There are 2 protein chains.
Amino acid sequence: MIKMEIVLASASPRRIDLMRLLDLPFTTLPTGADEALPPEILPEQAVKTLALRKARAAAQRKGQALVIGADTVVAAEGQLLGKPADRADAARMLRLLSGSTHQVYTGIALVGPDGEETFCRRTDVRFYPLDEREIAWYLDTGEPFDKAGAYGIQGKGAMLVEEISGDYFNVVGFPVSLLAKKLKRRLERIAFEQVY
Amino acid sequence: MIKMEIVLASASPRRIDLMRLLDLPFTTLPTGADEALPPEILPEQAVKTLALRKARAAAQRKGQALVIGADTVVAAEGQLLGKPADRADAARMLRLLSGSTHQVYTGIALVGPDGEETFCRRTDVRFYPLDEREIAWYLDTGEPFDKAGAYGIQGKGAMLVEEISGDYFNVVGFPVSLLAKKLKRRLERIAFEQVY
């Protein structure tokens, strides 16, 4: 195995759990990257831009490392939803998602001494219709407040979801199987270039 | 809240974890129900039949309880896959699932003093193409051996899955959000009948 430090530029417990599935040693280095985006940006572009910003910020502080940045947004009815500002904002997001299908986009950036690459996956998520009592119940779980779109599919948020189409883990934190394949290819290339 | 004991007729750690999402007190009572089925049975019928058999076996030992039984099979290329018999059987199943889409059916039975009901959900799961090295790696994780179709989507098996269509939790153990709705309706009806 090649000697290249792998760094996850995130402090998300969900992303850290997913990274552990990869059976690769890694460290975490969350960055306070600027999350401002131009208005009218497409969701794919938004998540790839923010993932790259996070990975670059961590890479600047690590020399010989392959850094992974990730960002997730929810797109619903022409709006991009990040993390809710407060309870009222979370309630607004959940009302928007109720009874319809929205898109979850996660962008990944891999930044290393050999270059940068970004990719993105989309998953469609259909919510059950939610009444105000169900929304209040879900807000009371405390889950919405650190999550794009104000829900977490892997917790009590599972109760809100009727079905999905695409990669489940893309909704949880990032598309772990796709990342594994991209990382493997990248590490093989770096190893090859180190030898030849 | 109505006083009716809720019993899960299963010892599956994954189903027990999902039950905990419901915020309802419950006990578990696994049964050694006969899993033999007539040949040529349709997958929906197979999982509903086995779920009902499990729930009835537990209900016979519990008087005033609402018992939940569940059963999952994987259907691929006209075959029904349950738990693999051994490593060779697990390898055979994984080869069958490699690079194609299969169906996961979970049947649920609710058996109580007020009657029986069964329902079923189907989720489509698309696997990445797997080579023999990847199959050997996955067998070595030990995950395949207690799982229908020889994989668990919530563990290292996540690496095998390209995308799904339907309820993710239906693949993990049972459709938890649908079960929550059915249970709520059932408990409300029982409460109503107890009062009137």
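First things first, this report covers the structure right here in the doc.

Definitions and limits used
- Residues numbered from 1 in each chain as written.
- Chains lettered and ligands numbered in written order.
- Predicted model: local features only at pLDDT ≥ 70, side-chain atom pairs only at ≥ 80, totals over all residues.
- Heavy atoms only, no water.
- Buried < 20%, exposed > 50% of the residue type's maximum accessible area, 1.4 Å probe, protein only.
- Helix = DSSP H or I, 4+ residues; strand = E, 2+ residues; numbered from the N terminus.
- Arc of directions from axis to C-beta.
- Contact = heavy atoms within 4.5 Å.
- Polar contact = N/O pair within 3.5 Å; in protein donor to acceptor, adjacent residues only side chain to side chain.
- Buried area = accessible area lost by both parts, 1.4 Å probe.
- Salt bridge = Lys/Arg side-chain N within 4 Å of Asp/Glu carboxyl O.
- Nonpolar A, V, L, I, M, F, W, Y, C, P; charged D, E, K, R; others polar.
- Pairing = 2+ DSSP bridges.

Residues and elements named next belong to chain A. Burial in helix α4 (residues 132–140) covers these residues: I135, Y138 and L139. Angular distribution of buried residues about the axis of α4 spans 100°; they occupy a single face of the element. Seen from the buried face of α4, the exposed residues on the opposite side, beyond 90 degrees, are R133 and D140. Contacts made by the buried residues of α4 are with α3 (87–97). In the segment just after α4, G142 is the residue with positive phi, at about 80°.

Residue and element names in this part refer to chain A. Structurally, D71 can be placed in strand β3 (residues 65–76). The exposure class of D71 is buried, given its relative accessible area of 5%. Only 2.9 Å separates the side chain of D71 from the side chain of K54, close enough to count as a polar contact.

Another aspect to go through is the interface of chain B and chain A. The interface is formed by 30 residues belonging to chain B together with 30 residues belonging to chain A. Here chain B meets chain A over a buried area of about 2,300 Å², counting both sides, of which 53% is carbon and sulfur. The largest per-residue losses of area from chain B upon contact with chain A belong to L21(B), Y128(B) and M159(B), which jointly make up 24% of the total buried on that side. Across the contact surface, chain B and chain A share 4 salt bridges. R121(B) is the salt-bridge partner of E163(A), the closest N and O atoms lying 3.8 Å from each other. Every element with two or more residues in the side of chain B that touches chain A is listed here: α4 (132–140), β7 (161–166), α5 (168–172) and α6 (176–195) of chain B. Here the residues of the side of chain B that touches chain A are counted per class, giving 14 nonpolar, 5 polar and 11 charged. Note: strand β7 (residues 161–166) of chain A against β7(B), 3 bridges, orientation antiparallel.

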